[in-house]
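Single-letter residue listing:
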Amino acid sequence: MKLSGIDPQTLISFEMGNSDIDLICTYGKIALHCRREVPDYTIGLILKTISAVDNSATHETEILCDFDDIQNYQRMGYTLVSYGRHNGKYRVTFNVPFSSEKAVYSLTVAFFEELKREKTLKRDFYWSGKDHNIIQLFNELKKVDDWEIKEIKNKEI
């Protein structure tokens, strides 16, 4: 899996996407930016592809909810990190593991609902991706919705 423009272990960032979506990959993080509403299956495909490339990837999310709702999120595959009382509710931090199909599905639904409301979406995912993972991710996603390489930044050596 060779892709011109990536010099081994010198990558700063690799930006891919289409007219609606940017996905910026670094060795520790993937940043997703949807500039307008996209179909739920597109979001699901992106998250599922990230999971297939590196199922140790995670997303951390903070939710304001009632105490009784915490278990509902855990049933959706979210992992409780911390919680604290805030204005009569609970501010809860969850880790969403991409190793859980149920959690990825739940995250897809949450992202799609937010995108419908807000018309834009920016989220970060954490992974241990290396050059070959980034290339594999691009090769899988370029099969869908006219994805292309937008920009590759390498360290000056």
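The coordinates are above.
Just so you know, these numbers come straight off a predicted model, no measurement behind them.

*Asks:* When you look at the layout of surface pockets in this model, what are you seeing that I'm missing?
*Replies:* One simple way to see leftover space: roll a probe sized like a water molecule over the atoms. Its volume calculated, the largest pocket comes out at about 270 Å³. Ile63, Tyr73, Tyr78, Ala110 and Phe111 are, among the 15 residues lining the largest pocket, the residues nearest its centre. Of all elements in the fold, only strand 4 (58–65) and helix 3 (101–118) reach the threshold of two or more residues within the lining of the largest pocket. Tallying contributions element by element places helix 3 first for the lining of the largest pocket, with eight residues. Grouping the amino acids of the lining of the largest pocket by side-chain chemistry returns eight nonpolar, three polar and four charged. Its boundaries defined by the atoms lining it, the second largest pocket holds a volume of some 210 Å³. If you go around the second largest pocket, the residues you meet are Gly44, Lys48, Ser51, Ala52, Phe98, Ser99, Ser100, Glu101, Val104, Tyr105 and Thr108. Going through the elements one at a time, helix 1 (40–53) and helix 3 are the ones with two or more residues in the lining of the second largest pocket.

*Asks:* Just checking my understanding: could you explain the packing of aromatic side chains for this structure?
*Replies:* The way to describe two aromatic rings as a pair is by their centre distance and the angle between their planes. A complete count under the given rule lists nine aromatic pairs for this structure. Each ring, one from Phe67 and one from Tyr83, has its centre 5.9 Å from the other, and the planes form 65°; the classification is edge-to-face. Here Tyr83 lies in strand 5 (residues 79–86) and Phe67 lies in the loop between strand 4 and helix 2 (69–75), a separation of 16 residues in the sequence. Looking at Tyr83, the relative accessible area reads 47%, which means it is partly exposed. An aromatic cluster of three or more residues is present, and its members are Phe67, Tyr83 and Tyr90.

*Asks:* I tried to follow unusual backbone geometry on my own but got confused; where do I start?
*Replies:* Excluding glycine, residues mostly have negative phi values, and the peptide bonds linking residues are mostly trans. Positioned with a positive phi, Asn87 is a non-glycine residue whose angle comes to about 50°. Its location among the elements puts Asn87 in the loop between strand 5 and strand 6 (89–97). The backbone of Lys119 shows a phi angle near 70°, a positive value even though the residue is not glycine. Take Lys119: it is sitting in the loop between helix 3 and strand 7 (121–126). Judged by its relative accessible area of 44%, Lys119 is partly exposed.

*Asks:* Please clarify how the environment of Thr26 should be interpreted in this entry.
*Replies:* Mapped onto the secondary structure, Thr26 falls in the loop between strand 2 (21–25) and strand 3 (29–34). Remark: the alpha-carbon pair of Thr26 and Lys153, spanning 127 residues in sequence, is separated by 9.8 Å. Residues in contact with Thr26, not counting those within four places in the same chain, are Ile12, Ser13, Trp127, Gly129 and Ile134.

*Asks:* Before we go on, may I ask you to explain the pattern of salt bridges in this structure?
*Replies:* Two side chains carrying opposite charge are able to pair once their charged atoms lie near each other. Taken as a whole and assessed by the stated rule, the structure comprises nine salt bridges. Here Arg36 makes a salt bridge to Asp20, at a shortest N to O gap of 2.4 Å. Residue Arg36 is found in the loop between strand 3 and helix 1, and its partner Asp20 is found in the loop between strand 1 (11–17) and strand 2; the two are separated by 16 residues along the sequence. Here the salt bridges do not stand alone but share partners, grouping Asp22, Arg35 and Lys150 into one network.

What counts, and at which threshold
Residues numbered from 1 in each chain as written. Predicted model: local features only at pLDDT ≥ 70, side-chain atom pairs only at ≥ 80, totals over all residues. Heavy atoms only, no water. 1 Å grid on protein atoms, 1.4 Å probe; cavity = no way out; pocket = protein on both sides within 12 Å on 5 of 7 lines; lining within 4 Å. Points joined across faces, edges and corners; volume = space filled by probe spheres on them. Helix = DSSP H or I, 4+ residues; strand = E, 2+ residues; numbered from the N terminus. Nonpolar A, V, L, I, M, F, W, Y, C, P; charged D, E, K, R; others polar. Phe/Tyr/Trp six-rings, centres within 6.5 Å; stacked < 30°, edge-to-face > 60°. Buried < 20%, exposed > 50% of the residue type's maximum accessible area, 1.4 Å probe, protein only. Contact = heavy atoms within 4.5 Å. Salt bridge = Lys/Arg side-chain N within 4 Å of Asp/Glu carboxyl O.

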